[in-house]
Amino acid sequence: MKNSPFNLQEQQLTNEYLQYADEMLAVRKNLLGYPANENSGMSGFYNWYIQSGLADSLMNNAGDCYAPSHFDLSSHRYECKVIDYFADLLQFAEDYWGLIGTGGTDGNNHGVYFGKKILWERTGELPIVYTSAEAHYSNMRLADLQGLQVKRIPADTEGRMDVASFAKALAPNKPALVIYAIGTTFKGAMDDVAALEEIIRQKSVKNIYRHFDAALFGGYLPFTRCKDLVSQKLWHYDSLAISGHKFFGIDEPCCVFVCRKEVFDAQQNSNIPYLESSMPMISCSRSALTPLKMYWLLKTKGWYYYARLALVCIKNAEYLHKELLKLKWPAWRNNASNIVYFKRPAEEIMHKYSLAKDCDKRLGGNLAHIVVMPHVKQPLLERFLKDLAKEIVGQER
């Protein structure tokens, strides 16, 4: 068996994968432009996973994790623990329900779908979706997928939904599904929820569903002095989505979706005899490994670890912004944001640091940004600033 073709192929593939790993680790070393936490801290989990024997088993979290099911090979109990943790972190003032999905888009999809269903149940009309032009691109696609009219509201130069434009677009006699961007993809802007809610009050919109798209910011804000920005008790939103692979550092895309229990109860509760479980969510089969990973991180790292991590990210973002201004390089940063956006540098720097691109003529044209994640320490930022300073000198010659 040792000389079988299978083992030979396995060894060749191992060597190929090792080379691939070296390439990925080289990219990881300078990654600045995307909201990925490259310090996952998952090695202890994988040691347990292999030693336990579960690495050779298939588990599936199909069904409602809060409901009994015939299929016991799942991690539903840990999925519930993770959702309970976030409901407490987000200060849910009402009964809640949730799930762990495949990524931020999955969380937003559930928000749009649940909002559509409950507003239809109340009014017999499909809602109009309101979202900022600088909110995550998935919002437009998801509304289109679900056959909903979208009003894409212009954003101000900071990236927030423009309040006057929202007031003009809002139809008072139609059900409204408002997606609030709590941290836009590029500029890291948070919609002014208080001002937008005042418009809703003034126009007496009765049938409204509020979804918070808080993929990145919903991860770290609850551990800071700005935690009220994502407080359900304060803002009374109906649902919220947070990405687990961004601030928390799970090594694959995932999301935590939490909604009010009333919203969940309004969904079509299809009881599936095959599982003897309810299936009101969009996704059927769901990863049982992801909740185990998420719970592992939450328990092994702890609240104080994440509070320190959030503070470091914000401080390093402040440092980067200040240093860019010292170089007289146009740069901006929104309040409580770990994203710094600035005039786009040379393509060589863009490629070296995997920087994301955007364009806003109101700010001079071509832009780039850095997302200061937990793996982005000051030495890495100093290397970037040094390269940028060289570019500036070259431009002055």
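Caption draft 1: Representation of the overall build of the protein chain in the model. Helix and strand counts for the protein chain stand at 14 helices and 13 strands. Taken over C-alpha atoms, the radius of gyration comes to 23 Å for the protein chain, in line with the 21 Å a tight globule of 397 residues would show. By principal-axis analysis of the C-alpha atoms, the protein chain measures approximately 70 × 65 × 40 Å. The burial tally for the protein chain puts 52% of its 397 residues in the buried class. By sequence separation, contacts in the protein chain at least 24 residues apart represent 71% of the contacts at least 6 residues apart. For the protein chain, the accessible surface area stands at approximately 19300 Å², while carbon and sulfur atoms represent 53% of it. The average position of the 46 basic charges and that of the 43 acidic charges among the side chains of the protein chain differ by 5 Å.

Caption draft 2: Layout of the pairing of strand β13 (residues 365-371). Burial within β13 is extensive, with six of its seven residues counted as buried. In the sheet, strand β11 (residues 339-343) pairs with β13 via five bridges, with the strands oriented antiparallel. Within β13, the residue paired with I339 across the bridge is V371. Across five bridges, strand β12 (residues 356-360) lies against β13 in antiparallel orientation. Bridged to K357 within β13 is A368. Taking the residues that link successive antiparallel strands as the turn, the β12-β13 hairpin has four residues, and the phi of G364 there is positive, at about 105°.

Caption draft 3: The pairing of strand β6 (residues 239-243), seen in detail. Among the five residues of β6, five are classified as buried, and the element is accordingly described as predominantly covered. The side-chain alternation of β6 yields two buried faces, one formed by S239, A241 and S243 and the other by L240 and I242. With five bridges connecting them, β6 and strand β7 (residues 255-260) associate as antiparallel partners. Its bridge partner being in β7, A241 is matched across the sheet by F257.

Caption draft 4: Main features of the packing of aromatic side chains. By the definition in use, this model includes 31 aromatic pairs. Ring plane angle 55° and centroid distance 5.3 Å describe the contact between Y78 and Y295, whose orientation is recorded as tilted. Remark: Y295 occurs in helix α11 (residues 289-301) and Y78 occurs in helix α3 (residues 76-89); sequence separation between them is 217 residues. Classification of Y78 by relative accessible area gives partly exposed; the value is 29%. Geometrically, the ring pair formed by F247 and F248 is edge-to-face, given 5.3 Å between the ring centres and 75° between the ring planes. Here F248 falls in the buried class, since its relative accessible area comes to 2%. Site record: aromatic cluster; members linked through ring pairs are Y85, F86, F217, Y220, F223, F247, F248, W303, Y304, Y305 and Y306. A cation over a ring is seen here: K343 above W329, with NZ or CZ 4.8 Å from the ring centre.

Caption draft 5: A look at the pattern of salt bridges. With the rule as written, the count across this model stands at 22 salt bridges. In this structure, D387 engages K352 in a salt bridge whose closest nitrogen and oxygen atoms are separated by 2.9 Å. You can see D387 sitting in helix α14 (residues 378-396) and its partner K352 sitting in helix α13 (residues 347-352), a full 35 residues away along the chain. According to the relative accessible area criterion, K352 is partly exposed, its value standing at 41%. Note that R362 is salt-bridged to D360, the shortest N-O span being 3.0 Å. The class for R362 is partly exposed, based on a relative accessible area of 45%. The buried category is assigned to D360, whose relative accessible area is 7%.

Caption draft 6: Structural detail: a nonpolar patch on the surface. On the surface, a cluster of nonpolar side chains totalling about 290 Å² of accessible area is made up of Y20, M24 and V27. Relative to the elements of secondary structure, Y20 occurs in helix α1 (residues 5-29).

Caption draft 7: Up close: the sheet that holds β12. Strand order across the open sheet formed by four strands is β10-β11-β13-β12, with antiparallel pairing between neighbours. With one partner strand each, in any of the chains shown, β10 (331-333) and β12 form the two edges of the open sheet. Geometrically, the sheet is characterised by an average inter-axis angle of 30° between neighbouring strands, direction not taken into account. Across the sheet, helix α12 (residues 303-326) lies against β10, β11 and β13, angled at about 155° from β10, the strand it touches most.

Conventions used here
Residues numbered from 1 in each chain as written. Predicted model: local features only at pLDDT ≥ 70, side-chain atom pairs only at ≥ 80, totals over all residues. Heavy atoms only, no water. Helix = DSSP H or I, 4+ residues; strand = E, 2+ residues; numbered from the N terminus. Rg over C-alpha atoms; globule rule 2.2 N^0.38 Å. Buried < 20%, exposed > 50% of the residue type's maximum accessible area, 1.4 Å probe, protein only. Contact = heavy atoms within 4.5 Å. Areas by Shrake-Rupley, 256 points an atom, 1.4 Å probe, with all protein chains shown as cover. Lys, Arg positive; Asp, Glu negative; His and termini not counted. Charge placed at Lys NZ, Arg CZ, Asp CG, Glu CD. Pairing = 2+ DSSP bridges. Phe/Tyr/Trp six-rings, centres within 6.5 Å; stacked < 30°, edge-to-face > 60°. Lys NZ or Arg CZ within 6 Å of the ring centre and 35° of its normal. Salt bridge = Lys/Arg side-chain N within 4 Å of Asp/Glu carboxyl O. Patch = residues over 30% accessible without salt bridge, like charges linked within 9 Å, V, L, I, M, F, W, Y side chains within 5 Å. Axes fitted to C-alpha atoms, helices over the stretch in contact; angles between N-to-C directions.

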